[in-house]
Amino acid sequence: MSKRAYFGTDGIRGQANKHPMTAEVALRVGLAAGKLFRSQDDRRHLVVIGKDTRLSGYMIEPALVAGFASVGMDVRLFGPLPTPAVAMMTRSMRADLGVMISASHNDFADNGIKLFGPDGYKLSDEQELKIEALMDEGLQEGLASPRELGRVKRVDDAQARYIEIVKASFPRNMSLAGLRIVIDCAHGAAYKVAPEALYELGAEVFPIGVAPDGTNINAECGSTHPETMARLVREYRADIGIALDGDADRLVICDEKGVVVDGDQIMAIIALALAKAGKLKAGGVVATVMSNLGLERLMGEQGLKLERTSVGDRYVMARMREGGFNIGGEQSGHVILSDFSTTGDGLIAALQVLAVMIQSGKPMSALGRQFDPVPQLLENVRFAGGKPLEHKSVKEAIADGESQLNGSGRIVVRPSGTEPLIRIMAEGDDPALVKKVVKSIVSAVKAV
């Protein structure tokens, strides 16, 4: 695949007002994506745009709108709305393209642009490369005539529509009545929809992270800082805590004691409940190379399989579509349930866990540890350039580590998709050995 100039593993992302996250690049994205998706036929074409609560959204959104409108695409603006909602609405409104302006779990200073095709799935690598090629062409090419310019409108009921879709994913004969739930919205895209959906389903809701000011998204709250939610769960004596990230496509949970439950355990809870009900498709779960070996062993004990992909929810989704799976995800809390959504949806995943909790009659603490995680150690090594992983001494250190673990563990060494880091992860039943193996690979990488 040719080198990508703008798109990374999850759309275009970077610090606001610095390349590539400038108004000019956003304008070019609108022009290029508009041309690509408009060229199919000569009817009116539609793009829908959602965003999270970052201050820079006010800069990126108008630039995208100008680009799309100038090539003759009509635009519908949702305002703050979760990423999965934008994916769903792209499909339900028969749009040609959906755009989410968000940098997910990153600090407020970053922003990003994610694109969804008319089917609600993230664009393929090939489509992104075509957009990149068009972005670097002359900006005057293919513009609409004055009469053919796109029209732009706000969609006022977007949040209400998404709440109804979310509620429809929860079993009809069930209610959240009697449950006390802490929901942390990370001052992000779900700050209105998540507490509302839980309240309408009957819960007593304690919302936090629902006062966005443009600069506080993900700050000491949300899925990357679950300690805030855990503290309040204990304080309010809640039954469960749910923490979303800035664009609400991932979650972590904590039980009534404030013990945090990660994405691997959440996938296990939902997958085993689906298997028990005869609703698990393709006989297993799709996870990434970073998911704990304990999850793989649990699936094996239940006669189910765990298939692994590269890190990134787009790769998980691609494997799910290819193999017909209906659950997949990442340890970080992306959980994709393809019966309901085309991308990770923190709120829908939380509702499936709540349904299992109600059905089983067990407290969250009895469900939160489906398997004992195998000791896992992750270290990052910053590097200035070059290809350290292709070095002979690094390859030898990895091979040596694998022979020491001797089948009772795993090693994953990979470059980060978003920053200049080499990520070195090992897991195994003997924590001292895991530590030794990681240390020796870290030294080899640093030496080169």
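Residues numbered from 1 in each chain as written. Predicted model: local features only at pLDDT ≥ 70, side-chain atom pairs only at ≥ 80, totals over all residues. Heavy atoms only, no water.

A few words now on the side chain of Thr342. Tracing the chain through its elements places Thr342 in the loop between strand E15 (335-337) and helix H11 (346-360). Look at Thr342 and you get buried, because its relative accessible area is 6%. There is a polar contact of 2.6 Å between the side chain of Thr342 and the backbone oxygen of Gly120. The contacts of Thr342, once residues within four sequence positions are left out, are Ala87, Arg91, Asp119, Gly120, Tyr121 and Met317. (Helix = DSSP H or I, 4+ residues; strand = E, 2+ residues; numbered from the N terminus. Buried < 20%, exposed > 50% of the residue type's maximum accessible area, 1.4 Å probe, protein only. Polar contact = N/O pair within 3.5 Å; in protein donor to acceptor, adjacent residues only side chain to side chain. Contact = heavy atoms within 4.5 Å.)

A word on the sheet that holds strand E16 (residues 376-382). The strand order across the open sheet built from three strands is E16-E18-E17, with neighbouring strands paired in antiparallel fashion. The open sheet has two free edges, formed respectively by E16 and strand E17 (409-415), since each of these has just one partner strand. With strand direction ignored, the average angle separating the axes of adjacent strands in the sheet is 10°. The strands touched by helix H13 (residues 392-405) are E17 and strand E18 (421-428); relative to E17, the strand with the most contacts, the crossing angle is about 160°. (Pairing = 2+ DSSP bridges. Axes fitted to C-alpha atoms, helices over the stretch in contact; angles between N-to-C directions.)

With mixed pairing, the six strands of this open sheet are ordered in space as E1-E5-E4-E2-E3-E6. Of all strands in the sheet, those with a lone pairing partner are strand E1 (12-15) and strand E6 (152-154), marking the two edges. Here the strands of the sheet are splayed against their neighbours by 15° on average, with no regard to which way each runs. Strand direction decides the pairing type here: strand E4 (residues 97-101) and strand E5 (residues 110-116), joined by four bridges, are antiparallel. Note that in E5 the partner of Gly98 across the bridge is Phe116.

The next thing to look at is the nonpolar core. The tendency in soluble globular proteins is for nonpolar side chains to be buried as a group. With 73 residues, the main nonpolar core has Leu176, Ile242 and Leu354 as its most contacted residues. Aside from chain neighbours lying at most four places away, what touches Leu176 is Phe170, Ile181, Leu198, Leu201, Gly202, Ala203, Leu351, Leu354 and Ile358. The next biggest cluster of nonpolar side chains, apart from the first, holds 29 residues, and it includes Leu36, Ala63, Leu77 and Leu123. (Core = buried A, V, L, I, M, F, W, Y, C linked by side-chain atoms within 4.5 Å.)

Further remarks concern empty space enclosed by the protein. Applying the stated criterion to the full structure yields one cavity of 30 Å³ or more. Of the volumes computed, that of the largest cavity is approximately 40 Å³. Lining the largest cavity are Asp10, Gly11, Lys114, Leu115, Lys122, Glu128 and Arg314. In terms of residue class, the lining of the largest cavity is built from one nonpolar, one polar and five charged. (1 Å grid on protein atoms, 1.4 Å probe; cavity = no way out; pocket = protein on both sides within 12 Å on 5 of 7 lines; lining within 4 Å. Points joined across faces, edges and corners; volume = space filled by probe spheres on them. Nonpolar A, V, L, I, M, F, W, Y, C, P; charged D, E, K, R; others polar.)

This part takes up the packing of helix H3 (residues 83-92) against helix H5 (residues 158-168). The N-to-C vectors of H3 and H5 enclose an angle of 95°; their axes lie 10 Å apart at closest approach. One way to sum up the angle between H3 and H5 is to call them roughly perpendicular. Contacts from Pro84, Ala85, Met88, Met89 and Ser92 in H3 reach Ala158, Arg161, Tyr162 and Ile165 in H5. Residues of the contact of H3 with H5, tallied by class, amount to seven nonpolar, one polar and one charged. (Parallel < 35°, antiparallel > 145°, perpendicular 65-115°, else oblique.)

Time to look at helix H4 (residues 125-135). Considered for burial, the residues of H4 that qualify are Asp125, Glu128, Ile131, Glu132 and Met135. Down the axis of H4, the smallest arc covering the buried residues is 120°, so these residues share one side. Its buried side turned inward, H4 meets helix H1 (23-38), E5 and helix H10 (313-323). (Arc of directions from axis to C-beta.)

Our focus in this paragraph is the layout of surface pockets. Of the volumes computed, that of the second largest pocket is approximately 740 Å³. In terms of lining residues, the second largest pocket is bounded by 28 residues, among which Ala273, Leu274, Ala277, Val356 and Gln359 are the most central. Going through the elements one at a time, helix H8 (263-276), H11 and helix H12 (364-367) are the ones with two or more residues in the lining of the second largest pocket. The leading source of residues in the lining of the second largest pocket is H8, at six residues. Residues that form the lining of the second largest pocket fall into these classes: 16 nonpolar, seven polar and five charged.

Our focus in this paragraph is the side chain of Ser223. Here Ser223 is to be found in the loop between strand E8 (204-208) and helix H7 (226-236). For Ser223, the contacting residues outside a window of four places in its chain are Ala243, Leu244, Asp245, Arg250, Leu251 and Val252.

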